[in-house]
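# Summary of structural features
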2 protein chains.
Amino acid sequence: MIITAEKAANLLLQQDNILVLCHRNPDGDAIGSAFALKKMLQSLGKKVRMECESGIPAKYDVLFGAREDDGDFAPDYVVAVDTADRKLLGTLGQQYPTVNLAVDHHETNKDYAEFTYVEDKAAAAAEVVFKLAPLLGAKLDLRIATALYVGLSTDTGCFVYSNTTANTHIIAGELISYGVNLGEVNKILFETKTKSRVEIDKIALNSLEFFFGGELAFVFLPLSALEASGVSEDDLDGVSAMPRQIEGVKVGITLRERADGSYKASVRTTCVNAADICAKCGGGGHKRAAGCEFKTSFEEAKAALLEAAKQVMDEEE
Amino acid sequence: MIITAEKAANLLLQQDNILVLCHRNPDGDAIGSAFALKKMLQSLGKKVRMECESGIPAKYDVLFGAREDDGDFAPDYVVAVDTADRKLLGTLGQQYPTVNLAVDHHETNKDYAEFTYVEDKAAAAAEVVFKLAPLLGAKLDLRIATALYVGLSTDTGCFVYSNTTANTHIIAGELISYGVNLGEVNKILFETKTKSRVEIDKIALNSLEFFFGGELAFVFLPLSALEASGVSEDDLDGVSAMPRQIEGVKVGITLRERADGSYKASVRTTCVNAADICAKCGGGGHKRAAGCEFKTSFEEAKAALLEAAKQVMDEEE
């Protein structure tokens, strides 16, 4: 059942033993917003624990001391933050089959919880948790502000993406006034490349080819190179975004060889329908980001992708 | 003579034929803040023209219609925006030997103008011009807000750099509320790589070597590769920043071969004194960014840089 911010705050105020969950493979917004909500509720004298199927990445411990021993009590109330679908909780979704309250910013939230509070214009769950603070009567402090800033800046690519609003900046300004060490936080989040990411960038740039007068950029990542580089999923996300960023490119395609011999294509576009391109190859997705798979040879996969892209580019002209 | 914001606004209000200058090789803050000040003063019924020795890059015309025909009148009053030193005006500094007012955010401003208004905690000149608006009684509109947003975001690397403050975000929030098309603006400013930049990234990554247990990253850019890529100074700045961004790297060195056979080193560090390293090679600069030149062979230049870096890294431990 969809509820307002006020109702969500009232529900939380009535509880004393609370478990805060966030989605698996958590990013800075999942960890930041869940941690901030936990600390706010703890500051009101409540017993609160935070859990994530994937644990808490070390980076967030460096940033705002995200790993804490919250004790091992049995919770009376389960809150899921930044989690659009119960499935995204992973095994914790089975362990805690009833989620009492979801606090989220995804327009696609499946309303799986008993009560659901969604602000779908918010750029990050951190914005939603920030809005709850005065309703809960919880004061912010440096760690809470840093956690929320990490959430905001993660989900907006540091205020670059088009989900950023005037409100996102106004909230960032208020958070920073608690003394967030912006230089350090942003360096860790946005100015540090792993060595494996550098390796993959090299592989990607060396395989980069242009087609159709420079409007399509094609990158191939062979399995041997990926294995040698020790790549993570995060790194791969970043590489898929690269071809589209090149001046004049409308369609960026990254084709990755997998261990089972199949190929996975990630299509990113600026003004061409990526889902239409991938649909022609048996895949799908969103307008600007879509994917498909091939159990063919590399040459056949590449030819099929170029042909599909050409068709959609010609149709849309 | 150093003056306050109020005094600067009063001086501007007394003038009717104003020339607004900004530094040559202008970035988004130079063009954005000069353009915004021009439009504000024009909105008050004044005749105002904007000039820059290098002209106005096409990008800023796309972003907020920066190129306008302001007429060719003889100005009674010359204002320099975002310009710390008269020399940075280029030939315009000779053409207009008296600068009546400087509006700036550089702590290093040389006080070359008759009157100087500097806010040295401001991340961008755009913040300073924004502060003048209410004192001038000038209303903002979408184009002025976009120009100021471009200034703010350019000088902070889109709110990443440590010069960003709570106030920067609060101003950004207010500017965006005028309807700035954030998605489009940020795509042009921060998510587009030129093809020549992609070429240089490839050259840089293919030459990347690590030394001293991964704490020093070394990149070499041969002249032949630079010439083939059609590189600009902007592109080179970006490449010099790359080695330092790699996880674990304390010193990033980029050595570039020049047309006259000499070599230019750019040293960027995270926690080692870059100026000290370059001083050992006859150069200098800042703590985290410094440079030096070599009229030796490549091998000698590289060996000298590695030796100087090793000494400073050892001393600082």
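Analysis parameters
- Residues numbered from 1 in each chain as written.
- Chains lettered and ligands numbered in written order.
- Predicted model: local features only at pLDDT ≥ 70, side-chain atom pairs only at ≥ 80, totals over all residues.
- Heavy atoms only, no water.
- Domains from an automatic or database assignment.
- Salt bridge = Lys/Arg side-chain N within 4 Å of Asp/Glu carboxyl O.
- Helix = DSSP H or I, 4+ residues; strand = E, 2+ residues; numbered from the N terminus.
- Buried < 20%, exposed > 50% of the residue type's maximum accessible area, 1.4 Å probe, protein only.
- Contact = heavy atoms within 4.5 Å.
- Phe/Tyr/Trp six-rings, centres within 6.5 Å; stacked < 30°, edge-to-face > 60°.
- Buried area = accessible area lost by both parts, 1.4 Å probe.
- Polar contact = N/O pair within 3.5 Å; in protein donor to acceptor, adjacent residues only side chain to side chain.
- Pairing = 2+ DSSP bridges.
- Axes fitted to C-alpha atoms, helices over the stretch in contact; angles between N-to-C directions.
- Expected span 1.5 Å × (residues − 1).

Below, the discussion takes up the domain arrangement of chain A. In terms of domains, chain A is made up of domain 1 (5-190) and domain 2 (195-315). A separation of 33 Å is found between the C-alpha centroids of domain 1 of chain A and domain 2 of chain A.

Moving on: the pattern of salt bridges. Residues and elements named next belong to chain A. Summed over the entire model, instances satisfying the criterion amount to 34 salt bridges over all chains. For the salt bridge of Glu-68 with Lys-39, the shortest nitrogen-to-oxygen distance reads 3.0 Å. With Glu-68 in the loop between helix H3 (58-64) and strand S3 (77-81) and Lys-39 in helix H2 (residues 28-43), the pair connects residues that are 29 residues apart, well separated along the chain. With relative accessibility at 29%, the residue Glu-68 sits in the partly exposed group. Each of Lys-38, Lys-39, Glu-68, Asp-70 and Arg-143 takes part in salt bridges that share partners, so that together they form one network.

A word on the environment of Pro75(A). All names here are of chain A. One can find Pro-75 in the loop between H3 and S3. Residue classification places Pro-75 among the partly exposed positions, given a relative accessible area of 22%. Other than its neighbours up to four places away in sequence, Pro-75 contacts Asn-17, Ile-18, Leu-19, Arg-49 and Tyr-96.

Further remarks concern the packing of aromatic side chains. Residue and element names in this part refer to chain B. The full count for this structure, using the stated rule, is 15 aromatic pairs over all chains. Taking the centre distance of 6.3 Å and the plane angle of 55° together, the rings of Phe-211 and Phe-212 count as tilted. Exposure remark for Phe-211: the relative accessible area of 21% places this residue in the partly exposed category. Exposure remark for Phe-212: the relative accessible area of 29% places this residue in the partly exposed category.

Below, the discussion takes up the environment of Leu175(A). Residues and elements named next belong to chain A. Looking at where Leu-175 falls in the secondary structure, it is placed in helix H7 (residues 166-176). With a relative accessible area of 0%, Leu-175 lands in the buried category. Each C-alpha atom of the pair Leu-175 and Asp-314 lies 47 Å from the other, and the pair is 139 residues apart in sequence. Among all residues touching Leu-175, those that are not within four sequence positions of it are Phe-130, Leu-140, Ala-145, Leu-148, Tyr-149, Leu-152 and Val-180.

Attention shifts here to the interface of chain A and chain B. Taken together, the contact pairs 37 residues of chain A with 37 residues of chain B. Roughly 3200 Å² is buried in total at the junction of chain A and chain B, and carbon and sulfur atoms are behind 66% of that figure. Inspection of the chain A/chain B interface yields zero salt bridges. At the boundary of chain A and chain B, one finds 10 residue pairs in polar contact (both at pLDDT 80 or more). When contributions to the side of chain A that touches chain B are tallied by element, the ones reaching two or more residues are H7, helix H8 (182-190) and helix H9 (195-207) of chain A.

We now examine the sheet that holds strand S9 (residues 263-269) of chain B. Residues and elements named next belong to chain B. A sheet is described by the order of its strands in space; here six strands give the open sequence S6-S7-S8-S9-S11-S10, paired in mixed fashion. Looking at which strands have only one partner, the edges of the open sheet turn out to be strand S6 (209-211) and strand S10 (284-285). Pairing between S6 and strand S7 (residues 216-221): three bridges, direction antiparallel. Of the residues in S7, the one forming a bridge with Phe-211 is Leu-216. The sheet strands contacting helix H9 (residues 195-207) are S6 and S7, and the helix crosses S7 at an angle near 130°. The sheet strands contacting helix H13 (residues 298-316) are S6, S7, strand S8 (251-257), S9 and strand S11 (289-294), and the helix crosses S7 at an angle near 160°.

Glancing now at the side chain of Asp85(B). All names here are of chain B. With respect to the helices and strands, the residue Asp-85 is situated in the loop between strand S3 (77-81) and helix H4 (91-95). A polar contact of 3.0 Å, which involves the side chain of Asp-85, links it to the backbone nitrogen of Lys-87. Beyond its immediate sequence surroundings of up to four residues, Asp-85 is in contact with Lys-110 and Tyr-112.

Turning our attention to H9(B). Over its 13 residues, H9(B) extends 19 Å from the first C-alpha to the last, a length consistent with the 18 Å expected when each residue adds 1.5 Å. Burial in H9(B) covers these residues: Ser196(B), Arg197(B), Val198(B), Ile200(B), Asp201(B), Ile203(B), Ala204(B) and Leu205(B).

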